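# Understanding the architecture of this molecule
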Amino acid sequence: MRFSFYLNPQTPGPDQDGQLIGEILNQIDEAESYGFSDVWLTEHHFTGYNVYSDALTLAAAISQRNPSMSLGFAVSVVPLQHPIRFATQINLLDQLTNGKIIIGLGPGNAPLEFNGFGVDVNERHDIMMEFVSICEQIWSHQNGELHYSGKYYNGKVNGRIIPSPVQSPRPPIAFASSTPERLEWIGANGWSLLLGTQAPHFLAARMEHYLKGMDKANLSAEERTNAWKNVSVLRQIYVADEGEDYEKVLSNNMDIFVRKSALANSGIDDLPKDDFNKRRDSYAAGEWLVRGTAEEVINKLTPLAELGISNLMCWMNFGHIDDKLMRASMKRFAEKVMPALRDIKPKDDKINELLESNPKKAVSAHQWQR
């Protein structure tokens with residue numbers, strides 16, 4: 001297992017945007033010094049759920065500041081992009097990083113964001129499929145004319161996409177999805193799978209469909225190995241000091257995150273008390289936020305390492321957490337948790353073990369959406 005620094009910091013408001021962007025750049029510097037291998041960026045707009053919004057521009061800055069680190073996207077919201085522009089930007093980033101880009105894609109689902117871009121959220125999956133098809137044409141195109149035509153995108157390229165990428169024929173793709181059909185499709189394409197904040201037995205169900213897709217497509221051992229390199233799972237993480245009352249320390253940050261998350265994902269600006277309490281209780285009891293002493297955090301993350309997941313995306317800056325507090329947590333994580341998780345060997349039968357222990361194992365994976 002390797003460890004990536006995941007960037008999705010909420011912002012209190014316009015007066016703090018600049019300060020927070022400066023802080024996260026310094027946090028990445030520190031993460032690099034601790035041996036974090038990647039930075040993964042996300043895309044959110046308008047609500048304060050994310051301070052930078054434009055992940056590709058920020059990635060360009062990070063590429064020059066932290067050249068040892070790979071850069072991934074979890075995820076670029078496909079319906080809010082144009083395939084030609086997107087491929088051009090990704091190719092440039094691949095050049096800037098000398099081939100350290102991972103293309104993370106997903107359909108998105110936030111109504112406020114789609115409204116802001118004038119895109120129908122109900123058409124996001126159809127847009128995504130057309131977008132991916134055109135991008136694959138773009139990355140296989142060498143020179144001359146390229147016609148692309150569909151419901152959402154139409155055009156003709158005369159020449160080539162400049163620059164070309166370093167990785168051939170393009171950087172590796174990682175995809176986020178939850179339905180069995182699309183999970184199998186991801187596996188069949190030899191792409192990596194991006195997993196969210198669900199419990200390990202839910203993740204095992206998704207991985208089962210993903211591996212089934214690989215089997216149906218008869219992928220070679222090399223293709224499977226390349227796909228597995230960027231199979232990733234996301235967790236918010238706070239490693240407490242010994243004796244620290246971490247529930248009290250994080251209480252306000254957790255409240256803020258619940259409200260910001262509701263606004264970003266559901267468009268609810270003012271949560272009724274009962275709704276807030278329900279969301280807060282679910283968040284506190286669920287798998288989103290792994291918190292506790294180093295030993296407690298190791299125990300909670302061990303099943304993910306046993307599943308053989310290659311990359312743990314560590315979301316440490318959330319809910320307006322204080323910079324010094326977050327850095328102290330990251331230092332403890334690097335010193336105590338990372339070495340322990342690196343030593344855990346994947347279990348060949350872990351997926352089946354988790355599926356057998358799951359009382360809802362007959363329920364299809366698409367019902368387990370975050």
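Just so it is clear, the structure is predicted and the values come from calculations on it, not from any experiment.

## Quick notes on the overall build of the chain
Each helix and strand in the chain was counted, giving 13 helices and 12 strands. Whereas a compact globule of 370 residues would reach a radius of gyration of roughly 21 Å, the chain reaches 20 Å, a difference of no more than 12%. Based on the C-alpha atoms only, the size of the chain along its principal axes is roughly 65 × 50 × 40 Å. Sorting the 370 residues of the chain into buried and exposed places 54% on the buried side. Of the contacts made within the chain by residues no fewer than 6 positions apart, 76% connect residues no fewer than 24 positions apart. For the chain, the computed accessible surface area is about 16100 Å², with 48% contributed by carbon and sulfur atoms. Each charge class in the chain was averaged separately, 37 positive and 46 negative side chains, and the resulting centres sit 1 Å apart.

## Overview of the environment of T57
Mapped onto the secondary structure, T57 falls in helix 2 (residues 55-65). Each C-alpha atom of the pair T57 and D241 lies 35 Å from the other, and the pair is 184 residues apart in sequence.

## Some words on the packing of aromatic side chains
Here the structure, examined in full by the defined rule, presents 17 aromatic pairs. Residues F175 and W185 carry aromatic rings whose centres are separated by 5.2 Å and whose planes lie at 85° to one another, so their mutual orientation is edge-to-face. One end of the pair, F175, is in strand 8 (residues 173-176); the other, W185, is in helix 6 (residues 180-188), with 10 residues separating them in the sequence. Classification of F175 by relative accessible area gives buried; the value is 0%. Classification of W185 by relative accessible area gives partly exposed; the value is 23%. The ring of F276 has R259 sitting right over it, with the charged end atom 4.0 Å from the ring centre.

## Focus on the confidence of the model for the chain
A residue-level look at the chain finds 97% of positions with pLDDT of 70 or above and a mean pLDDT of 95. In the predicted structure, residues 362-370 sits below a pLDDT of 50 and forms 25 contacts with residues beyond four places in sequence or in another chain.

## Some thoughts on the pairing of strand 1 (residues 2-7)
Within strand 1, 5 of the 6 residues are buried, which leaves it mostly tucked inside the rest of the structure. One ladder, built from 5 bridges, connects strand 1 with strand 12 (residues 311-315); its direction is parallel. What sits directly across from S4, in strand 12, is M313. Bridge count between strand 1 and strand 2 (residues 38-41): 4 bridges; the pairing is parallel.

## Focus: the nonpolar core
The biggest cluster of nonpolar side chains holds 115 residues, and the ones touching the most others in it are L7, F36, L41, L301, L312 and F333. Here the element with the most residues in this core is helix 5 (residues 124-140); it accounts for 8 residues. In contact with F333, other than residues within four places in its own chain, are F3, F36, I237, V239, L301, L312, C314, M316 and M338.

## Quick look at the packing of helix 7 (residues 200-216) against helix 8 (residues 221-228)
It is the contact of helix 7 with helix 8, at a shortest axis distance of 11 Å, that shows an interaxial angle of 150°. Taken together, the axis directions place helix 7 and helix 8 in an arrangement best described as roughly antiparallel. Crossing angle aside, the handedness with which helix 7 passes helix 8 is right-handed. Contact with helix 7, carried on its side by M207, Y210, L211, M214 and D215, involves R224, A227 and W228 of helix 8 and no other residues of that element.

## Overview of a negative patch on the surface
Side chains of D241, E242, E295 and E296 sit close together on the surface and give a patch of like negative charge. Note that E242 resides in the loop between strand 10 (232-239) and helix 9 (246-266). Taking the relative accessible area as the measure of exposure, E242 reaches 60% and is therefore exposed.

## Description of helix 13 (residues 350-357)
For helix 13, the set of buried residues is K350, I351, L354 and L355. Buried residues in helix 13, looked at end-on, bunch into an arc of 135°, giving them a common side. Seen from the open side of helix 13, the exposed residues pointing more than 90 degrees away from its buried face are E356 and S357.

## Remarks on unusual backbone geometry
Of note, the bond from I162 into P163 is cis; its omega dihedral lies within 30 degrees of zero at 0°. With respect to the element layout, P163 can be found in the loop between strand 7 (154-158) and strand 8. A positive phi is found at N218, a non-glycine position, where the angle reads about 55°. By secondary structure assignment, the location of N218 is in the loop between helix 7 and helix 8. Classification of N218 by relative accessible area gives exposed; the value is 64%. In this structure, H320 takes a positive phi of about 60° despite not being glycine. Among the secondary structure elements, H320 is positioned in the loop between strand 12 and helix 12 (323-342).

Parameters and conventions
- Residues numbered from 1 in each chain as written.
- Predicted model: local features only at pLDDT ≥ 70, side-chain atom pairs only at ≥ 80, totals over all residues.
- Heavy atoms only, no water.
- Helix = DSSP H or I, 4+ residues; strand = E, 2+ residues; numbered from the N terminus.
- Rg over C-alpha atoms; globule rule 2.2 N^0.38 Å.
- Buried < 20%, exposed > 50% of the residue type's maximum accessible area, 1.4 Å probe, protein only.
- Contact = heavy atoms within 4.5 Å.
- Areas by Shrake-Rupley, 256 points an atom, 1.4 Å probe, with all protein chains shown as cover.
- Lys, Arg positive; Asp, Glu negative; His and termini not counted.
- Charge placed at Lys NZ, Arg CZ, Asp CG, Glu CD.
- Phe/Tyr/Trp six-rings, centres within 6.5 Å; stacked < 30°, edge-to-face > 60°.
- Lys NZ or Arg CZ within 6 Å of the ring centre and 35° of its normal.
- pLDDT = per-residue confidence, 0-100.
- Pairing = 2+ DSSP bridges.
- Core = buried A, V, L, I, M, F, W, Y, C linked by side-chain atoms within 4.5 Å.
- Axes fitted to C-alpha atoms, helices over the stretch in contact; angles between N-to-C directions.
- Parallel < 35°, antiparallel > 145°, perpendicular 65-115°, else oblique.
- Left-handed = near helix turned anticlockwise from the far one by under 90°.
- Patch = residues over 30% accessible without salt bridge, like charges linked within 9 Å, V, L, I, M, F, W, Y side chains within 5 Å.
- Salt bridge = Lys/Arg side-chain N within 4 Å of Asp/Glu carboxyl O.
- Arc of directions from axis to C-beta.

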